[in-house]
Amino acid sequence: MPVNSAQLAAGANYQMQSYAANDPIDQITTDRPFLQWLIANKQDSIFGNGIFNEKVRISNDSNYQNYSGDDQVTYNRKDTTRLAPFQHYEAHDGFGLNETELANNGIILTDDREAVPTEAEKIQIVNMIKTNRETLKDGFQENMDLEFHRDGAYSPKAVPGLDLLVSTTPAVGTIGGIDASTSLYWRNNADMNISTATAGTLTAEMEKMWRACRTYGKRTPDFIVCGAAFYDAYRKDANQTQNRQVIVTGKDGANADGSTDNVYFKGKLVVWDPSFEKLDTLLGAITYPWTKRCYFLNSKSIRLRPFKGRWMVDRSPPRMYDRYTHYWGVTADYGLTINQRNANAVLSIA
């Protein structure tokens, strides 16, 4: 028995809702840790006139004075805050199924409103939509993750991401409307080309960057993410400087395990992000390869800001009158903002 368009849509929507019930983009797998961290700390926002303004304190504008007895003192008008405007950006992904594909899978589409699908057709509809929906979700996450890592220079429609907000050249560029070349307070910390030839050097440089983040940030970085080369270099440096050996005694003698489950710095888990290597493959030769980088990030200063009511919206546009193709998709509207660049740091090994 044929299936009509409404029944196809109902089957599709049922499958889509089964994925969307818990906001599918929130179910981030562990191989996209930076995106997972952003999602976990996201804050729905309104972009009035297309802009979200971060309030940035540039100084205390203190009028501190020593005085004695009848000395005259002065009062000032404080001017301590600037607005850093950030735009929002949109993304789409979707898929279509034409009636030929549907027929080849045992689903005969008709315009008969009285059509009643068989159980086999109902199952086949859900199976087809499930397969397409899964790849839609995974593809959307993968590309959004890469976009959030990059600086946005490759497209005016892409959000400026981590590579701009916490830059390898922190004194270059205008970020959020503030020129970093002239505003010393508006520079993230950076320590590039760190030598790993001598044991302890990498750890010592990480100590410096950690203190630099706390100098003005007041809050300790709460997320450390890095590429594979940096991860291996730090793991080696930690083993060399701590010189620890763990032996597990088994029933038949001593067993040795040279692996490490987790690596920490200042009590924070150091997380390897496989997307760093994906970016190196995508971008080719660059000055500071992603695999050699590490970031100290503060969730109170960097925010993913989904546009309220426009985050991960399922789409089912109507069939075009001159094409027998049916469409499903998802869109998202969002911004990435920062309010204190000097609370964050980027490092790179040589």
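Notes on the structure follow.

The rules behind each value
Residues numbered from 1 in each chain as written. Predicted model: local features only at pLDDT ≥ 70, side-chain atom pairs only at ≥ 80, totals over all residues. Heavy atoms only, no water. Patch = residues over 30% accessible without salt bridge, like charges linked within 9 Å, V, L, I, M, F, W, Y side chains within 5 Å. Areas by Shrake-Rupley, 256 points an atom, 1.4 Å probe, with all protein chains shown as cover. Salt bridge = Lys/Arg side-chain N within 4 Å of Asp/Glu carboxyl O. Lys, Arg positive; Asp, Glu negative; His and termini not counted. Charge placed at Lys NZ, Arg CZ, Asp CG, Glu CD. Helix = DSSP H or I, 4+ residues; strand = E, 2+ residues; numbered from the N terminus. Buried < 20%, exposed > 50% of the residue type's maximum accessible area, 1.4 Å probe, protein only. Contact = heavy atoms within 4.5 Å. Pairing = 2+ DSSP bridges. 1 Å grid on protein atoms, 1.4 Å probe; cavity = no way out; pocket = protein on both sides within 12 Å on 5 of 7 lines; lining within 4 Å. Points joined across faces, edges and corners; volume = space filled by probe spheres on them. Axes fitted to C-alpha atoms, helices over the stretch in contact; angles between N-to-C directions. Phe/Tyr/Trp six-rings, centres within 6.5 Å; stacked < 30°, edge-to-face > 60°. Lys NZ or Arg CZ within 6 Å of the ring centre and 35° of its normal.

This part takes up a positive patch on the surface. Positive charge collects at one region of the surface, where Arg57, Lys218, Arg219 and Lys300 lie side by side. Structurally, lysine 218 is set in the loop between helix H6 (201-217) and strand E9 (223-226).

For threonine 325, the location among the structural elements is in strand E17 (residues 325-338). For threonine 325, a relative accessible area of 16% gives the class buried. Look past the residues within four positions of threonine 325 in its chain and what remains in contact with it is Gly96, Leu97, Asn98 and Arg319.

Regular strands show a simple pattern: their side chains alternate between the two faces of the sheet. Most of E17 sits out of view: 13 of its 14 residues are buried. Across ten bridges, strand E4 (residues 89-98) lies against E17 in antiparallel orientation. What sits directly across from aspartate 93, in E17, is valine 330. As paired elements, strand E15 (residues 302-306) and E17 share five bridges and run antiparallel to each other.

As a further point, take helix H2 (residues 33-40). Counting buried positions over the eight residues of H2 gives six, a clear majority of the element. For H2, the set of buried residues is Pro33, Phe34, Leu35, Trp37, Leu38 and Ile39.

Moving on, we get to the layout of surface pockets. Estimates place the volume of the second largest pocket at around 440 Å³. If you go around the second largest pocket, you meet 16 residues; those closest to its centre are Arg57, Tyr216, Lys218, Gln340 and Asn342. If you list the elements that add at least two residues to the lining of the second largest pocket, you get strand E2 (51-57) and H6. By residue number, the principal contributor to the lining of the second largest pocket is H6, which donates three residues.

It is worth spelling out unusual backbone geometry at this point. For lysine 266, which is not glycine, the phi dihedral falls at a positive 55°. Mapped onto the secondary structure, lysine 266 falls in the loop between strand E12 (264-265) and strand E13 (268-272). Looking at lysine 266, the relative accessible area reads 44%, which means it is partly exposed. One non-glycine residue, methionine 312, adopts positive backbone phi at about 55°. Note that methionine 312 resides in the loop between E15 and strand E16 (313-315).

The next subject is the environment of valine 330. Here valine 330 is to be found in strand E17. Separated by 19 residues in the primary sequence, valine 330 and tryptophan 311 place their C-alpha atoms 9.3 Å from one another. Those residues within four positions of valine 330 in sequence are excluded, and the remaining contacts are Ala91, His92, Asp93, Arg133, Leu136, Phe140, Met312, Val313, Asp314 and Arg315.

Taken together, six strands build an open sheet; the order of strands is E8-E18-E14-E9-E13-E12 and the sheet is mixed. Looking at strand neighbours, the two that pair on one side only are strand E8 (189-194) and E12, the edges of this open sheet. Both E8 and strand E18 (residues 345-349) contribute to a ladder of four bridges, which runs parallel. Looking at the pairing, alanine 190 lines up with valine 346 of E18. Each of E9, E13 and strand E14 (293-297) is contacted by H2, which is oriented at about 155° to E9, the strand it contacts most.

A complete count under the given rule lists 15 aromatic pairs for this structure. Considering the side-chain rings of tryptophan 210 and phenylalanine 265, the 5.6 Å spacing of their centres and the 80° angle between planes classify their relative orientation as edge-to-face. You can see tryptophan 210 sitting in helix H6 and its partner phenylalanine 265 sitting in strand E12, a full 55 residues away along the chain. For the ring pair tryptophan 311 and tyrosine 334, a centre distance of 6.4 Å and an interplane angle of 90° mean the geometry is edge-to-face. Of this pair, tryptophan 311 sits in the loop between E15 and E16 while tyrosine 334 sits in strand E17, and the two are 23 residues apart along the sequence. You'll find tryptophan 311 and tyrosine 334 in the same group, each marked buried. Feature note: the residues Trp210, Tyr234, Phe265 and Phe296 constitute an aromatic cluster, connected by ring pairs. For arginine 150, the ring lying beneath its charged end belongs to tyrosine 154, and the centroid distance is 3.9 Å. A cation over a ring is seen here: arginine 293 above tryptophan 290, with NZ or CZ 4.1 Å from the ring centre.

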